[in-house]
Every structure is written in C-alpha cells, then in structure tokens.
Amino acid sequence: MSFCQYFLCFAVFSFIGWAYETVYYSIQQRKFVNSGFLSTCFCPIYGMGAMLDLILLGWIENPLILFFAGMVVTCSLEYFVSWLLETLFHKRWWDYTGWPGNINGRVCLIGGIAFGTFTVALIKLIAPVTIDMIDSVSLPRGRRNRLISLAKKNRKFPLGNSLPYLSCVDFCRVRPGGRTLFLFVLISSESALRSEQR
C-alpha cells in the first residue's frame, strides 16, 4: 500500500471509531455527545488500532486466532495510550474501574471482546471494501492542477493557516478512467509551489 492509501485508511477507520463512540455515548447519556478528537469527527486511537491490526494481523486466516490476536493488539494499544495520556496530561480519558476483568481501569474484558470482534470484522469485511474504494479514487491530471492553482491563490484554509497541510493529491497515483468516490484535499502553499514547479 502507498502512503496515501495508509493515510486514507487511517482517516476512514478513525471516522468509523468516532461514529461508534458517538452513538454509544449519545445513547448512554441521552443527548448528542461528540467524542471526537479536538471536537472533530475522528478518533485517532481507532485509526491507529485498525492500522496496527492490518499491518500485524492481516495475514491471519483463522477467525478464532484473529479474534484473540486482535484482543491482545488493541488492548495493548488502549492500555498504552491511556497510560501515556494520563502521564502527559494528568487526566484519564476513559476509566473501566469496576468493569469485569479490568486492568488498572485502562482496559477491560468486555472492551477486549468488542475489539477482538471488530478486528475480525475489519480484516475480513471492512478493510477489503475500504481499500477497494480507496484504490478506485481517481483525480484527472487537469483537475489536479486546477486544485493546486486554486490552493495557491486562496491561502485561507478552514482549519487555520497555522496548521501543517499535506496534499494527499501529491501522494496518490493518478488513475485515468477510475471513479472518484471521495478525496481528502489538504494542500499547503509549499506543496502547491512544489507541484507547480514540476
């Protein structure tokens, strides 16, 4: 997979994680709860967990072995991220104290079972479809150049000028004749200048 494919998979799986958590907490609290990172529609820990699953466990064929391996990988990530966030910010983002099979309140048995199930669904169903969709993304060269020119002229970005921007267009292969299903266009003035000089 290319850098762009990994990046888009990470973004899609972070969005799916956000949707899952938002629905769960909204039902639990009986009001809309945006559980996204910095009030966005992304939960990066889900994207990281999914990418680790794909990279480390994508070769496993047996669903039962995949389930338990997924539990180990995702719970290890969840434990580490919980510890890291608490160490850096002196705050717990989640706490499973009192849940059955919890370890220091950072991970729990029910979460492990859920993540093991998600791992099997991810490897067997979700990832192949997502990767096929990403592979079908196409941006004709003329439209790519127009987007870069537009980005160069209009330097006001919706998320603020101070944020670092990467152009996914620069990393994606241009595949004429493919379908454009979705596209993340994050273009910096620097990448626009680089692309124009090519």
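Residues numbered from 1 in each chain as written. Predicted model: local features only at pLDDT ≥ 70, side-chain atom pairs only at ≥ 80, totals over all residues. Heavy atoms only, no water.

(A) The arrangement of the packing of aromatic side chains in detail. Scanning all chains against the criterion turns up 11 aromatic pairs. Ring plane angle 75° and centroid distance 5.4 Å describe the contact between Y96 and W99, whose orientation is recorded as edge-to-face. Classification of W99 as partly exposed rests on a relative accessible area of 33%. Among the aromatic residues, those joined into a cluster by ring pairs are Y20, Y24, Y25, Y46, F115 and F118. The ring centre of W93 lies 5.1 Å from the NZ or CZ of K91, which sits over that ring. (Phe/Tyr/Trp six-rings, centres within 6.5 Å; stacked < 30°, edge-to-face > 60°. Buried < 20%, exposed > 50% of the residue type's maximum accessible area, 1.4 Å probe, protein only. Lys NZ or Arg CZ within 6 Å of the ring centre and 35° of its normal.)

(B) The pattern of salt bridges, seen in detail. Overall, the coordinates contain 4 salt bridges when judged by the stated rule. Across the pair R92 and D95 runs a salt bridge whose closest N-O atoms are separated by 3.4 Å. Each of E86, R92, D95 and R106 takes part in a single network of salt bridges with overlapping partners. (Salt bridge = Lys/Arg side-chain N within 4 Å of Asp/Glu carboxyl O.)

(C) View of the side chain of T74. Relative to the helices and strands, T74 is located in helix α3 (residues 63-89). The buried category is assigned to T74, whose relative accessible area is 10%. Aside from chain neighbours lying at most four places away, what touches T74 is D53, F115 and T119. (Helix = DSSP H or I, 4+ residues; strand = E, 2+ residues; numbered from the N terminus. Contact = heavy atoms within 4.5 Å.)

(D) Expanded view of the packing of helix α1 (residues 3-29) against helix α2 (residues 44-57). Close contact between α1 and α2 brings their axes to 7 Å; oriented N to C, the two are set at 125°. Considered as vectors, α1 and α2 are oriented oblique to each other. Considering only the axes of α1 and α2, their crossing is right-handed. On α2, the residues that touch Y6, C9, F10, F13, S14, G17, Y20 and E21 of α1 are P44, Y46, G47, M48, A50, M51, L54 and I55. (Axes fitted to C-alpha atoms, helices over the stretch in contact; angles between N-to-C directions. Parallel < 35°, antiparallel > 145°, perpendicular 65-115°, else oblique. Left-handed = near helix turned anticlockwise from the far one by under 90°.)

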